[in-house]
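Fold and contact review
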Amino acid sequence: RFAETARSVIGVEPHQPLVRRARQRVAGLPSVEVAGGSAQRLPLPDASVDVVHARTAYFFGPGCEPGLEEADRVLRPGGVLVIVDLDGGTPPYGGWLRADLPKYDPVKIEKFFADEGFDSRAVATTWRFEDRASLEAVLWIEFSAPVARRAIAAVSGLSFPVGYRVRSRRKPSGLVHSDR
């Protein structure tokens, strides 16, 4: 989608099999490149991009500071870091997530991102599936066996709500005085 309007797009993926799959998927798009790397070590020069978009990479909040610092490193002044993360406070998915991750605290995570200077917006979505087997397969991937069984039993149809948090922070431009 970014390739439809951006002059260039660089996807970064830490898992090599997914790097290969992504490269195959975008082979016909000359403005798109896929590189191996991680959130903490982006294979990009300093101040080289206008937008850093991370999807479901930071939803644990505290502990992701190295990745946030790395995003700031590669952003140009005035650039934007946009994070799309799962919302562990939105049922039913959030409850299933918290069942697998008992230390996950949505309130603490919201405070962390607010303290880091992010605006945060809730986005309600619905995951829809063509058949029950596909729905169940996804739940088996997403959760431990006990939680997946519980989630499968709780969903009677072919869809369920999933909440996301869209977080954004603009890198300052010009002279900035840091209190940190």
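In what follows, the structure referred to is the one given above.
As a starting point, this report considers the structure included with it. (Residues numbered from 1 in each chain as written. Predicted model: local features only at pLDDT ≥ 70, side-chain atom pairs only at ≥ 80, totals over all residues. Heavy atoms only, no water.)

**Here we look at the overall build of the chain**
- A tally of regular secondary structure across the chain gives six helices and six strands.
- In the chain, the succession of α and β elements from N to C terminus is β-α-β-β-α-β-α-α-β-α-α-β.
- Sorting the 180 residues of the chain into buried and exposed places 34% on the buried side.
- For the chain, contacts bridging at least 24 residues in sequence account for 75% of all contacts bridging at least 6. (Helix = DSSP H or I, 4+ residues; strand = E, 2+ residues; numbered from the N terminus. Buried < 20%, exposed > 50% of the residue type's maximum accessible area, 1.4 Å probe, protein only. Contact = heavy atoms within 4.5 Å.)

**So, the pairing of strand E5 (residues 119-128)**
- A small share of E5 lies buried, amounting to one of its 10 residues.
- Here E5 pairs with strand E6 (residues 159-170) via 10 bridges, running antiparallel. Bridging from a neighbouring strand, arginine 121 pairs with valine 166 of E6. (Pairing = 2+ DSSP bridges.)

**Here's the deal with the pattern of salt bridges**
- Applying the stated criterion across every chain yields a total of 10 salt bridges.
- For the salt bridge of arginine 76 with aspartate 50, the shortest nitrogen-to-oxygen distance reads 3.2 Å. Note that arginine 76 is positioned in strand E4 (residues 75-86) and aspartate 50 in strand E3 (residues 49-55), a separation of 26 residues in sequence.
- Taken together, the salt bridges that share partners define one network made up of Asp87, Glu110, Arg165 and Arg167. (Salt bridge = Lys/Arg side-chain N within 4 Å of Asp/Glu carboxyl O.)

**Quick look at the sheet that holds E3**
- Taken in spatial order, the four strands make up an open sheet running E3-E4-E6-E5, and their pairing is mixed. Edge strands, defined here as strands with exactly one partner in the open sheet, are E3 and E5. Ignoring which end each strand starts from, the neighbouring axes of this sheet average 20° apart. (Axes fitted to C-alpha atoms, helices over the stretch in contact; angles between N-to-C directions.)

**A closer look at the nonpolar core**
- One finds Leu81, Tyr93, Trp96, Leu139, Phe143 and Phe160 to be the most contacted residues of the largest nonpolar core, which totals 38 residues.
- Secondary-structure elements contributing two or more residues to this core are E3, helix H2 (65-74), E4, helix H3 (93-100), helix H4 (106-115), helix H5 (132-142), helix H6 (145-154) and E6.
- The greatest single-element share of this core, amounting to seven residues, is contributed by E4.
- Ignoring anything within four residues of it in the chain, the contact list for leucine 139 reads Trp96, Ala148, Ala151, Ile152 and Phe160.
- In this structure, Val9, Val19, Val26 and Val32 belong to the second largest nonpolar core, which totals six residues. (Core = buried A, V, L, I, M, F, W, Y, C linked by side-chain atoms within 4.5 Å.)

On their own, these measurements won't tell you what the molecule is for.
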